[in-house]
Amino acid sequence: MAAEAVDPPHRYKFPLSKVPRLPYDDPQAQRLISAQQPVVLTGSGLVDSALHWNLDYLSDNMANTQFTVYQSDNYYFKYYEARKIPQQKDFVSPTIQMQMSFPEFVEKLKEAQCSKKHWLYLQQPLTEGVGDKIVQDFVSFNWRWISKQQKENNWGPLSSNLLLVGMAGNITPVHYDEQQNFFAQLRGVKRCLLFAPDQFKSLYPFPVYHPHDRQSQVNLENPNLEKFPKVLELKGFEATLHPGDVLYIPIYWWHQIESLPQKGVTISINFWYKVRNSCQQTVTYPLAASQKIAIMRNIEKMVTDALGDINEVAPFMRTMVLGRVD
Ligand SMILES: CC1(C)c2ccccc2-c2ccc(C[C@@H](CC(=O)O)C(=O)C(=O)O)cc21
Ligand SMILES: [Zn+2]
């Protein structure tokens, strides 16, 4: 039977090298994690106890929990912080947030897949309220290995495990998080683009006080090169995740995650770890790009609070630096 016509994955206007793919117990994998470089780990067994999860199993075992489901009228799911909306008069939220049971979500998913008028993304922290079988699968994750990683890399506590169930074609646009992330793929195929923290200038982040804080202003699939010319200088990495793969997304690394269009529904679980406050660690110079981002964020917050108006921040900062000696 002829293989169904599969569109080639989107070709971007900048180079993408492959994220290294290594056995989870390979010393090189360990070196990359401690150097805060991305790596795809195979054979970890981290979520093997959940590789049988599918829509029916989750419907049967999560029946009495309400889930957060985002709806978008395109395939992008741009995250926004609702608490920052009041400061952004003209802000239009790009997605609708709904609450529903898992069976309702499966119903809506079928409708959306047929109508192709909107896309859905279920995103829910895995906490109490899930069924016993889900708890069984959850406790059977390879916690021994991941706790060892947490300790050896001096990460803070596990802050959450998000269960993610996405429609084929969904894209979470490029953004960074302030947590370490082991991203486990359970079902379907996800294509991940990653950019180092030092690509900051080429990704034009929103201001810290904007609801889209930590997100890039650039649509990587169709960049506005007049407004964002440095996009062409981007150097990225790419990883394709299959069930059982675990991608380490280092803190402050930019990432865009796509549920491949013809590969059906995707199910993922992320493991987010806070970082310890750095006052215990001695600072070594030169500073890493990620440290400079933390400094920029703090300065932007201080200046915004001091001026009391987010619209005064850019002119104030420009005044501070433009026309000064280099
Ligand atoms: C887009 C969505 C559903 C969302 C909407 C509103 C608020 C938060 C979020 C949120 C947070 C994390 C993810 C998972 C992942 C991206 C991916 O797998 O698609 C990722 O970026 C990460 O694990 O760091 C996805 C989402
Ligand atoms: Zn993220």
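Here, the structure is the one placed above.
S.K.: How should the overall build of the protein be read in this particular structure?
M.R.: Secondary structure assignment for the protein yields eight helices and 14 strands. Judged by the C-alpha coordinates and their principal axes, the protein covers about 65 × 45 × 45 Å. Looking at the 326 residues of the protein, the share that counts as buried comes to 48%. Long-range contacts, defined as pairs at least 24 residues apart, comprise 84% of the intrachain contacts of the protein with a sequence gap of at least 6. When the accessible surface of the protein is split by element, carbon and sulfur atoms take 55% of a total near 16,900 Å². For the protein, the distance from the average site of its 33 positive side-chain charges to the average site of its 32 negative ones is 4 Å.

S.K.: What is the right way to look at the coordination of the zinc ion (ligand 2) in this model?
M.R.: Ideal geometry at a metal centre: 109.5 degrees between donors when four sit tetrahedrally, and 90 or 180 degrees when six sit octahedrally. Of the protein atoms, only His175 (NE2), Asp177 (OD) and His255 (NE2) coordinate the zinc ion (ligand 2), at distances of 2.1 to 2.2 Å. All donors of the zinc ion (ligand 2) belong to a single chain; written as a sequence motif, their spacing is H-x1-D-x77-H. By relative accessible area, which is 9% here, Asp177 ends up buried.

S.K.: Sorry, what's going on with the sheet that holds strand 7 (residues 155-166) here?
M.R.: Adjacent strands of a sheet form backbone hydrogen bonds with each other and so pair up, either parallel or antiparallel. One open sheet holds the nine strands; their spatial order is 2-3-12-9-14-7-6-4-5, and the pairing between them is mixed. The open sheet has two free edges, formed respectively by strand 2 (21-23) and strand 5 (96-101), since each of these has just one partner strand. In this sheet, neighbouring strand axes are inclined to one another by 30° on average, regardless of whether the strands run parallel or antiparallel. By the bridge criterion, seven bridges tie strand 9 (residues 180-187) to strand 14 (residues 266-275) in an arrangement that is antiparallel. Looking across to strand 14, one finds that Arg187 is bridged to Ile267. Against the sheet, helix 1 (residues 27-34) touches strand 2, strand 3 (39-42), strand 7, strand 9 and strand 12 (246-249), its axis set at about 140° to strand 3. Each of strand 3, strand 7, strand 9 and strand 14 is contacted by helix 5 (residues 143-152), which is oriented at about 130° to strand 7, the strand it contacts most.

S.K.: Whenever I open this one, the nonpolar core confuses me. Can you help?
M.R.: Side chains of nonpolar character tend, in soluble globular proteins, to be buried together. Within the largest apolar cluster, 64 residues are counted, with the highest numbers of intra-cluster contacts made by Trp53, Phe102, Leu163, Phe182, Leu247 and Phe271. With residues near it in sequence (within four places) discarded, Leu247 still touches Val19, Val39, Val40, Asn181, Phe182, Phe183, Cys192, Leu194, Ala239 and Leu241.

S.K.: Help me understand the environment of Trp254, please; the structure alone is not making it clear to me.
M.R.: Within the secondary structure, Trp254 is located in strand 13 (residues 254-259). Overall, Trp254 belongs to the buried group, its relative accessible area being 0%. Along the backbone, Trp254 and His175 are 79 residues apart, and their C-alpha atoms lie at a distance of 5.1 Å.

S.K.: How do you make sense of the pattern of salt bridges when you look at a structure like this?
M.R.: Side chains that differ in sign of charge can pair as their charged atoms come close. Under the defined criterion, the tally for this structure stands at eleven salt bridges. Of the charged contacts in the structure, one is a salt bridge between Asp177 and Arg214, with a shortest N-O distance of 2.9 Å. Of this pair, Asp177 sits in the loop between strand 8 (171-175) and strand 9 while Arg214 sits in the loop between helix 6 (200-203) and strand 11 (236-241), and the two are 37 residues apart along the sequence. Residue classification places Arg214 among the buried residues on the basis of a relative accessible area of 11%. Residues joined by salt bridges that share partners form a network here, namely Glu81, Arg83, Lys84, Glu178, Asp213 and Arg297.

S.K.: Just to check I follow, could you spell out helix 5 for this structure?
M.R.: At 3.6 residues per turn, the α-helix brings residues three or four places apart onto the same side. Where helix 5 is concerned, the buried positions are Trp145, Ile146 and Gln149. Across the axial projection of helix 5, the buried residues extend over an arc of 90°, all falling on one side. Summarising the geometry of helix 5, the exposed residues directed more than 90 degrees from the buried face are Arg144 and Lys151. Each element contacted by the buried residues of helix 5 is listed here: helix 1, strand 3, strand 9 and strand 14. One or two residues past the end of helix 5 sits Asn154, with phi positive at roughly 55°.

Calculation criteria
Sequence order as written defines the numbering, with residues in each chain counted from 1. Chain letters start at A and ligand numbers start at 1, both assigned in the order the entries are written. At least 70 in pLDDT is required for a residue's local features to be given in this predicted model, at least 80 for side-chain atom pairs to be given and counted, and no such filter applies to totals for whole chains, interfaces and linings, which use all residues. Computation of side-chain values: all heavy atoms of the structure, hydrogens and water removed. Secondary structure is summarised from DSSP: a helix means a run of H or I of at least four residues, a strand means a run of E of at least two, and numbering begins at the N terminus for each. Only protein chains enter the accessibility calculation, which uses a 1.4 Å probe; a residue whose area is less than 20% of its type maximum is buried, one above 50% is exposed, and one in between is partly exposed. In what follows, a contact means two residues having at least one pair of non-hydrogen atoms within 4.5 Å. Note on areas: these come from Shrake-Rupley sampling with a 1.4 Å probe, and a residue is covered only by the protein chains present in the view. Two residue types count as positive, namely Lys and Arg, and two as negative, namely Asp and Glu; His and chain ends fall outside the count. Every charge is mapped onto a representative atom, which is NZ of Lys, CZ of Arg, CG of Asp or CD of Glu. Any N, O or S atom lying within 2.8 Å of the metal counts as a donor, and for Na, K and Ca the limit rises to 3.2 Å; water is left out, so some sites can look incomplete. Criterion used throughout: strands pair if DSSP finds at least two bridges between them. Each axis is a line fitted through C-alpha atoms, and for a helix only the stretch in contact is used; angles between axes span 0 to 180 degrees, taken between their N-to-C directions. By convention a nonpolar core is built from buried Ala, Val, Leu, Ile, Met, Phe, Trp, Tyr and Cys residues, the set being connected through side-chain atoms within 4.5 Å. When a carboxyl oxygen of Asp or Glu lies within 4 Å of a side-chain nitrogen of Lys or Arg, that pair is called a salt bridge. The directions from the helix axis to the C-beta atoms form the arc being described.

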